[in-house]
Amino acid sequence: MPEITRRTALMAGAAGAAGAVLLPPGRAGAVVDGDLEQRAMAMRPPVFLLESAVPPHFTAGRGSTLTISEQVAVCGTRSLRWEYGERSTITVKAPLRWAPDPYRPGDDQAWQGLVDAFAVWIHNETPVDDVVRFEFGRGERTDVWFAFRLGFTGWRTAWVRYAYDMHGRPHRDMDTLRIVAPKRAGVLHLDQLMLNVPLRPDAPCGDAQVPDIAKEGPDYDNQHWQALYLFDKLLSEAEPDSAPPTAEETASLRALHTRYHDGYLIAPVKVDVAALTAQTEALMGRPVHSYQAQIYPVEIAAELKAFVNPVTLRVCTDLMKSVAQAHQAGPADRPALAALYLRIVGHLREQGWTRGSCQGTIHHLGYDARGYYDSVYLMREALRQAGMLEEIRADLDWLTGLGRIFRGWKHRMAHGSTMDIHNTTARGMLAAVLLRDTEAEQVAYLRVLRDWLSESLLPTTGIQDGLKADGTAFHHVGFFPDYVRDGFGGLAPIVHVMSGGAFALSAEAYGWLKKALLTMRVYANKNHWPISISGRNPIGTTGLSVVPYQWLAVDAAGEPDPELAAAFLRLLPASPSGAQKALAARLAARGITAEASPTGNWTLNYAALNVHRRGDWQVSVRGHNRYLWSTEIYVGANWYGRYNTYGQIQVLHRGEPVTNLDSGYAHNGYDWNRRPGTTTIHKPLDRLRGDLTGAIEEMLLTDSRFAGSCSIDDKHGLFAMDLREHPRYEGSHRARKSVFLFDERVVALGTGITNDDAVNDTETTLFQTRHVGDVLADGTALPYPHPAAETGARWLLDDKGIGYYLPPGQRVGVSRGPQSSRHNATEAATAGDFSTAWIKHGTAPRQGAYHYAMVVGATAEGMAAFAAGMAEAQRAPYTVERADTRAHVVTDRQTGITGYAVFEPTGLDGVIRRVDTPALLLTRRDGEALVVAVSDPDLRLYSGIDHDQYERGRYVGRFSPWSRRWLTSASHPHLLRVTVAGRWRADDDQPCTARAHGDRTIITFETVDGRPLQVRLTPA
């Protein structure tokens, strides 16, 4: 029979993270003649399902009786009933096959190899202040042990890692498990006992039954669910400010209760008791799982899920919310609905979803328990009448980790997964506070919650999660808008409910939340964001939600926030809900109209991103550097995402609303090697696919400091990056890239393109667009299909109205026709019709280069005129002043702006003569004055090199951002010096100093956080 190994288990662990599947009603799936049970027991080491007979491996010691019982079960329909005497034992004989592994508590979270663990379910009818002890060893010798506390009723489980959670030291030759009974005789039921299964080390959680396991959990990014036991302890010890409530606080509290109930919790629903009863009956008697299937061995995981046939926690808690809202809406049916609710609560508690229990793992609990949080307040009177309110409130305290508000913000991962907490848990924390017994208690806890939430919205330093100084926001220690959207969507109603009184978030916190929301509606256009910021979800349909704008458009008193209200009106969906229509009417009555589409240029260097907008279209350019991961690849997500931030240029500009699909992106058939604007090595998909050997995710950091952007007048911009591919792949791949953005004109330059790949071609992609119409080359339509032939055309016009000017001397390939690819997550074959063009650099290029320009909203006539103009220096739309490995310099004729991408300290020609730091500059004349915008995109979170990432002086980059010592470091200020031709002065209100030396002036800027600075210099 199969052996459970680390090799076979890693993929199963990731797949199991999706949680248990919800199957049709019925206690157990089909298992013929105990076949699954026998195969599980024959595995090495065995897995005991304890369904049909006491396994021969089990021996009852004196005073013990073992039988298979139908009384209770959590796996199948039966479990092992153990009637025990004082200190009696069960002995289980089987090789445990424990083996050491390289994990060390506190390791890099991205490593996520596997460790050996023991797992068991225990049912207890009568809580006792005692333990059942599990001892593992060689024969009579005990090598390691742990104790399982029995102060509970119902089912509990534990996942215990041999080398990290047990007392003693494990041994390779362990072949015996002894289960030692408590001091007094009694009965326990055991089920689904797994002697040794490979497990992700960050999965187990300590709780009231096994408080000593996973001690490192509270310091991980996932401490929001891994630290529930710590949070519970903090809550029990907390003494919030007991000062009597002021009159304002009492009034604010009562108003808050009304808003919370009337404005947030209740909803118009059709009361259907019969349907809700049927749904309740369907889950009775079945286990309730969230991520509990993560422990299943890969060889039998699918069958075991079907056999256990659980209902998901999400289904249960969503049903609880539906019952609670119906209870509010249907007074005549309240007795029946209250009975249903109490049945569901009772079943959840019997299954272990209660205070003190982590169910082995309580992985991302908030996503599955939101309905529970929202329902308890609505059902508080029914719970009180049933004598259950106090214990359910304690469950809510536990499940929401309410004690986190007393932990403070000084520990390493204080801001870890902030967006998850905002999205899923903040609502539950407020509910738990409002369920306190007295108004004085509620006020005391609200003060703490208000301050905690306010602190959570202040900008964080380094790459830790949370809001950043430029308005971006982080999740998974990087810019990840999908989670930011969800975080704000969950938090906004809570901010609204708490607004307008003593418990409103601080003005500073609200200001930062508002800035982040206004920034979000910039990098989304209109609803969707470009693929380069889609994280591990490159399907092309993700984007912002109108929900946070809707909740924050007006405060609790009905006073509008003019900017957020105007943004809400612009972002209204085509088919708004009744609530959205009503709010829009209220705003219109106050004279507020929809904002115009944002227009301008935005530098977002905490994302290595430039966003350039004119009306309803957007150009985005994205890179990565030594602080910002290039992309996030998961098991089952974004397998081919390697090149996502290699300078990708995407134009979103067609359709209403503007979407990726209308603008040319399509997931099916997409060649993941050819993202517009990127310079890449065109790999076979098998070699492009992420390599997650020994890991659950990939978040690579390069050793290049330089990637980011600069803006001038908030209207025009410049992006540049020193591209260095990670040594995990083709570490020799290098390119220096820049993108200049002037109105509808985009100029792209590349130099120093070098790598050692002599097999696969290196390319810079111009476009890859879903085929819908003609592509023109110098005015002639290219046939469809069309081979990947070279063209000597001066200009191309794709079928989305984007023109491409191509200076001579470059090899340009164009392909039109069907493409085959793979799904980013499932790896299934996909296909689609595309038109694609790219500049060819050949194999193993040395100092390759490219130069092209894009025109948004182009026509054939316009492109012909553009190309003709470029042929004459006196009327060329732009001029490339310099393009080498040290600097790229471009002047735009229409705006008069010159942009400088300076990759190394160097001397320059023109008005800028020298820059002493790699930087981005944009200049223009304003009469006799000179306007200079400068940006140092190096966030400077640390100086020198990150020594952990080097071996023998060579960058290897084997650590992910999770483990970096500089994770919480603030951006270090830097003095950047620019030498300007001529004698200039800067007024006192300018963010620089100017010192003239002969016929030149040295301008000194203090840069920090990658923030652009703009100054106006006047002749001295």
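Residues numbered from 1 in each chain as written. Predicted model: local features only at pLDDT ≥ 70, side-chain atom pairs only at ≥ 80, totals over all residues. Heavy atoms only, no water.

Trainee: Quick one: what's the story with the overall build of the protein chain, residue by residue and with numbers?
Mentor: Within the protein chain, the regular secondary structure consists of 22 helices and 51 strands. On C-alpha atoms alone, the protein chain measures out to a radius of gyration of 31 Å, which is about the 31 Å that the 2.2 N^0.38 rule sets for 1020 residues. When the backbone C-alpha atoms are referred to their principal axes, the protein chain occupies close to 100 × 70 × 55 Å. The burial tally for the protein chain puts 63% of its 1020 residues in the buried class. In the protein chain, the share of contacts with a sequence separation of at least 24, taken over all contacts with a separation of at least 6, comes to 73%. Side chains of the protein chain carry 108 positive and 114 negative charges; the gap between the two charge centres is 3 Å. (Helix = DSSP H or I, 4+ residues; strand = E, 2+ residues; numbered from the N terminus. Rg over C-alpha atoms; globule rule 2.2 N^0.38 Å. Buried < 20%, exposed > 50% of the residue type's maximum accessible area, 1.4 Å probe, protein only. Contact = heavy atoms within 4.5 Å. Lys, Arg positive; Asp, Glu negative; His and termini not counted. Charge placed at Lys NZ, Arg CZ, Asp CG, Glu CD.)

Trainee: Describe the layout of surface pockets, with residues and values.
Mentor: Approximately 520 Å³ is the volume attributed to the second largest pocket. Lining the second largest pocket we find 22 residues, and of these Gly-263, Tyr-264, Gln-550, Trp-551 and Ala-579 sit closest to its centre. Of all the secondary structure elements, the ones that give two or more residues to the lining of the second largest pocket are α6 (247-265), α9 (313-329), α18 (547-552) and α20 (578-589). The dominant element in the lining of the second largest pocket, judged by the number of residues it contributes, is α6, at six residues. Split into classes, the residues belonging to the lining of the second largest pocket amount to 11 nonpolar, six polar and five charged. (1 Å grid on protein atoms, 1.4 Å probe; cavity = no way out; pocket = protein on both sides within 12 Å on 5 of 7 lines; lining within 4 Å. Points joined across faces, edges and corners; volume = space filled by probe spheres on them. Nonpolar A, V, L, I, M, F, W, Y, C, P; charged D, E, K, R; others polar.)

Trainee: Break down empty space enclosed by the protein for me, with residues and values.
Mentor: Summed over the entire model, instances satisfying the criterion amount to 11 cavities of 30 Å³ or more. Counted as a void, the largest cavity has a volume near 180 Å³. Residue lining of the largest cavity: 17 residues in total, with Gln-650, Val-651, Ser-663, Pro-676 and Gln-768 positioned closest to the centre. At the level of secondary structure, the elements contributing two or more residues to the lining of the largest cavity comprise β22 (648-652), β29 (762-770) and β34 (802-805).

Trainee: Go over helix α22 (residues 860-870) with me, naming the residues and quoting the values.
Mentor: Taken together, the buried positions of α22 are Met-863, Phe-866, Ala-867, Gly-869 and Met-870. The arc that holds every buried residue of α22, seen down its axis, measures 160°, which confines them to one face. The elements touched by buried residues of α22 are β28 (745-754), β33 (795-797), β34, β37 (848-856) and β38 (878-883). (Arc of directions from axis to C-beta.)

Trainee: Provide a residue-level description of the sheet that holds strand β17 (residues 478-479), including the pertinent values.
Mentor: Read across the sheet, three strands follow the order β15-β16-β17 without closing on themselves; strand pairing throughout is antiparallel. The open sheet has two edge strands with one neighbour each: β15 (466-467) and β17. Here strand β16 (residues 473-475) runs beside β17; their pairing, made up of two bridges, is antiparallel. Across the sheet, the residue bridging to Phe-474 is Phe-479, located in β17. (Pairing = 2+ DSSP bridges.)

Trainee: Account for the pattern of salt bridges, with residues named and values stated.
Mentor: If you walk through the whole model with that rule in mind, you get 70 salt bridges. Here Asp-938 and Arg-705 are joined by a salt bridge, their closest N and O atoms 2.8 Å apart. One end of the pair, Asp-938, is in the loop between β44 (929-935) and β45 (950-951); the other, Arg-705, is in the loop between β24 (697-698) and β25 (707-712), and 233 residues separate them in sequence. Asp-938 gets classed as buried once you look at its relative accessible area, which sits at 7%. Look at Arg-705 and you get partly exposed, because its relative accessible area is 31%. Between Lys-840 and Glu-790 there is a salt bridge, with its nearest N and O atoms 3.6 Å apart. (Salt bridge = Lys/Arg side-chain N within 4 Å of Asp/Glu carboxyl O.)

Trainee: Any details on the sheet that holds strand β43 (residues 919-926)? Residues and values, ideally.
Mentor: Ordered in space as β38-β39-β40-β43-β44-β51-β48, the seven strands form an open sheet in which the pairing is antiparallel. Unpaired on one side and paired on the other, β38 and β48 (984-986) mark the two borders of the sheet. With direction set aside, neighbouring strand axes in the sheet form an average angle of 20°. Strand direction decides the pairing type here: β48 and strand β51 (residues 1013-1019), joined by three bridges, are antiparallel. Across the sheet, residue Ala-986 finds its bridge partner in β51, namely Leu-1017. (Axes fitted to C-alpha atoms, helices over the stretch in contact; angles between N-to-C directions.)

Trainee: An account of unusual backbone geometry is requested, with residue identities and associated values reported.
Mentor: Going from Asn-525 to Lys-526, the amide bond is cis rather than trans, its omega being -20°. By the secondary structure assignment, Lys-526 is in the loop between α17 (507-523) and α18. In this chain, Tyr-784 is followed by Pro-785 through a cis amide linkage whose omega measures 0°. Mapped onto the fold, Pro-785 is located in the loop between β31 (780-781) and β32 (786-791).

Trainee: Could you give me a rundown of the nonpolar core, with the residues and numbers involved?
Mentor: Soluble globular proteins: nonpolar side chains tend toward being buried together. Counting residues in each nonpolar core, the largest one holds 188 residues, and the members touching the most others are Tyr-260, Ile-362, Leu-446, Tyr-523, Leu-766, Leu-796 and Tyr-852. Apart from residues lying up to four places away in sequence, Tyr-523 is in contact with Phe-479, Pro-481, Val-484, His-528, Trp-529, Pro-530, Ile-533, Leu-604, Leu-609, Val-611 and Gln-618. With 39 residues, the next largest nonpolar core counts Met-41, Trp-82, Phe-152 and Leu-195 among its residues. (Core = buried A, V, L, I, M, F, W, Y, C linked by side-chain atoms within 4.5 Å.)

Trainee: Any details on the environment of Gly-615? Residues and values, ideally.
Mentor: Along the chain, the position of Gly-615 falls in the loop between β19 (609-614) and β20 (617-622). Sequence spacing of Gly-615 and Gly-600 is 15 residues, and the spatial spacing of their C-alpha atoms is 8.8 Å. The residues touching Gly-615, leaving out its near neighbours within four places in the chain, are Ser-597, Pro-598 and Thr-599.

Trainee: Requested: an account of the packing of helix α15 (residues 439-456) against helix α16 (residues 481-498), with residues and values cited.
Mentor: Orientation of α15 relative to α16, taken along the N-to-C sense of each, is 130°, at an axis distance of 12 Å. Between α15 and α16, the interaxial angle falls into the category oblique. Like other packed secondary-structure pairs, α15 and α16 cross with a definite hand, here left-handed. Residues Leu-446, Arg-450 and Leu-453 of α15 lie in contact with α16, whose contacting residues are Leu-491, Ile-494 and Met-498. (Parallel < 35°, antiparallel > 145°, perpendicular 65-115°, else oblique. Left-handed = near helix turned anticlockwise from the far one by under 90°.)

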